[in-house]
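Structural characterization, general
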Amino acid sequence: MGLPAVFPAATVFLPASLQDESLARQLVELGYRGTGEVVKREDFEARKAAIEIAMLAERTQKKTLTSAGKDLQDNFLKALALREEDNRNGKVSMIKTKARTWSTMPQIKLTVIFIRDRNSHGQEVSGYIDYAHRLKIEDFEVYFSGKRRLLPKPTDMSFYNWDSHIAVCNSTPNYQVIADNPEGLLFKYKRDRKILNVDPKTLPGDNSTRTPIQTELYIQAVIFDHISRRKT
């Protein structure tokens, strides 16, 4: 059985699939600077594949972002626009392991939106929205253009009508709803099984943040962000 092929780190191979200046530059930035490090072909291919995936995702994102080019004035819409790219597509990053090899580590940023306001009937409603899921099933052009306001629905993760006292909970492709918790509503991220605690008196959980939004569109708006990291 032959030994695995290795290449000096200073050597950058540019086959037909790599004839792209930005891709070549990123390979160099990832460590091919002539340091003398010996790199296995598998490592080289892993780095190349991850960069190609990230570049393809970036090109796709530029075409699909409904917030692009909008003159957004309110803080809430600006906050959604900043998170649209992550929630639509996720991101891919390169992680160096203890064994000094490189692996593809999808780093996904998911957002939960809490909104409390009055609906078109004047009823006060509130709920938690899986932003990534709503982006997949609904056209957000009407929200970013100001034609309609984003409001919680009975089909969202959590919905409560304060006038009719109707309460509904639904798990989504990204979250499992834990409604029977004695300390309050919890959401479990299905990807990494981390718990999001939406109680403002406690911390939101591992790799999660809670950001209240000052907005003129709603009585109350809060954004919860979670970074999920799992090897593929």
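A quick note: this is a predicted structure, and the numbers were derived from the prediction, not measured.

1. Some points on the overall build of the chain
Along its length, the chain carries 5 helices and 12 strands. The buried share of the chain, reckoned over its 232 residues, is 40%. Of the contacts made within the chain by residues no fewer than 6 positions apart, 53% connect residues no fewer than 24 positions apart. In the form shown here, the chain has an accessible surface area of approximately 13,200 Å², with 53% of it arising from carbon and sulfur atoms.

2. Side note on the nonpolar core
Within the largest apolar cluster, 19 residues are counted, with the highest numbers of intra-cluster contacts made by F76, L80, I113, I115 and L150. For this core, the element with the highest residue contribution is helix α3 (residues 75–89), accounting for 4 residues. If near-sequence neighbours (up to four positions away) are discounted, L150 is found in contact with F76, L80, I113, I115, I129, R134, F140, Y143 and Y218. The next biggest cluster of nonpolar side chains, apart from the first, holds 15 residues, and it includes I108, A132, Y175 and V198.

3. What about the pairing of strand β12 (residues 220–229)?
Successive residues of a regular strand alternate their side chains across the two faces of the sheet. Counting buried positions along β12 gives 7 out of 10 residues, so the element sits mostly inside the fold. Bridge count for strand β11 (residues 208–212) against β12 is 5 bridges, and the pairing is antiparallel. Residue T211 lies in a different strand from β12, and its bridge partner there is I223.

4. Thoughts on the packing of aromatic side chains
By the definition in use, this model includes 9 aromatic pairs. Ring geometry for F140 and F144: centres 6.3 Å apart, planes at 45 degrees, overall tilted. The exposure class assigned to F140 is buried, which follows from its relative accessible area of 0%. A residue is classified by how much of its surface remains accessible, and F144, at 4% relative accessible area, is buried. Ring plane angle 55 degrees and centroid distance 5.0 Å describe the contact between Y175 and Y189, whose orientation is recorded as tilted. One end of the pair, Y175, is in strand β8 (residues 175–178); the other, Y189, is in strand β9 (residues 186–189), and 14 residues separate them in sequence. Judged on exposure class, the residue Y175 and its partner Y189 are both buried. Aromatic rings pair up to connect F114, Y128, F187 and F224 into one cluster.

5. A few points about the side chain of S67
Here S67 lies in the loop between α2 (41–64) and α3. A relative accessible area of 10% means that S67 is categorised as buried. If we ignore the near neighbours within four places in the chain, the residues touching S67 are A81, E84 and F144.

6. Things to note about unusual backbone geometry
The phi angle at H165 is positive, at roughly 60 degrees, despite the residue not being glycine. Considering the arrangement of structural elements, one finds H165 in the loop between β6 (158–161) and β7 (166–169). Even without being a glycine, R193 presents a positive backbone phi close to 65 degrees. Its place among the elements puts R193 in the loop between β9 and β10 (195–197).

7. A few points about α3
Spanning 15 residues, α3 covers 23 Å between terminal C-alpha atoms, matching the ideal 21 Å at 1.5 Å per step. Of all bends in α3, the biggest is about 45 degrees, found at R83.

8. Topic: the pattern of salt bridges
A side chain of one charge can pair with a side chain of the opposite charge when the charged atoms of the two come close. All told, the structure shown has 10 salt bridges when counted by the stated rule. Residue D225 is joined to R83 by a salt bridge in which the shortest nitrogen-to-oxygen separation is 2.8 Å. Taken together, the residues span a long stretch of sequence, with D225 in strand β12 and R83 in helix α3 at a distance of 142 residues. Residue class for D225 comes out buried when judged on its relative accessible area of 6%. A relative accessible area of 11% means that R83 is categorised as buried. Residue R88 pairs with E84 through a salt bridge whose shortest N-O separation is 2.8 Å. Of this pair, R88 and E84 are both found in helix α3, 4 residues apart, which corresponds to roughly one turn of the helix. One network of salt bridges, with partners in common, ties together R134, E138, K153 and D156.

Each value, and the rule that gives it
- Residues numbered from 1 in each chain as written.
- Predicted model: local features only at pLDDT ≥ 70, side-chain atom pairs only at ≥ 80, totals over all residues.
- Heavy atoms only, no water.
- Helix = DSSP H or I, 4+ residues; strand = E, 2+ residues; numbered from the N terminus.
- Buried < 20%, exposed > 50% of the residue type's maximum accessible area, 1.4 Å probe, protein only.
- Contact = heavy atoms within 4.5 Å.
- Areas by Shrake-Rupley, 256 points an atom, 1.4 Å probe, with all protein chains shown as cover.
- Core = buried A, V, L, I, M, F, W, Y, C linked by side-chain atoms within 4.5 Å.
- Pairing = 2+ DSSP bridges.
- Phe/Tyr/Trp six-rings, centres within 6.5 Å; stacked < 30°, edge-to-face > 60°.
- Expected span 1.5 Å × (residues − 1).
- Bend = angle between axes of the 7 residues up to and from the residue.
- Salt bridge = Lys/Arg side-chain N within 4 Å of Asp/Glu carboxyl O.

These results come straight from atomic positions and should not be treated as a statement about function.
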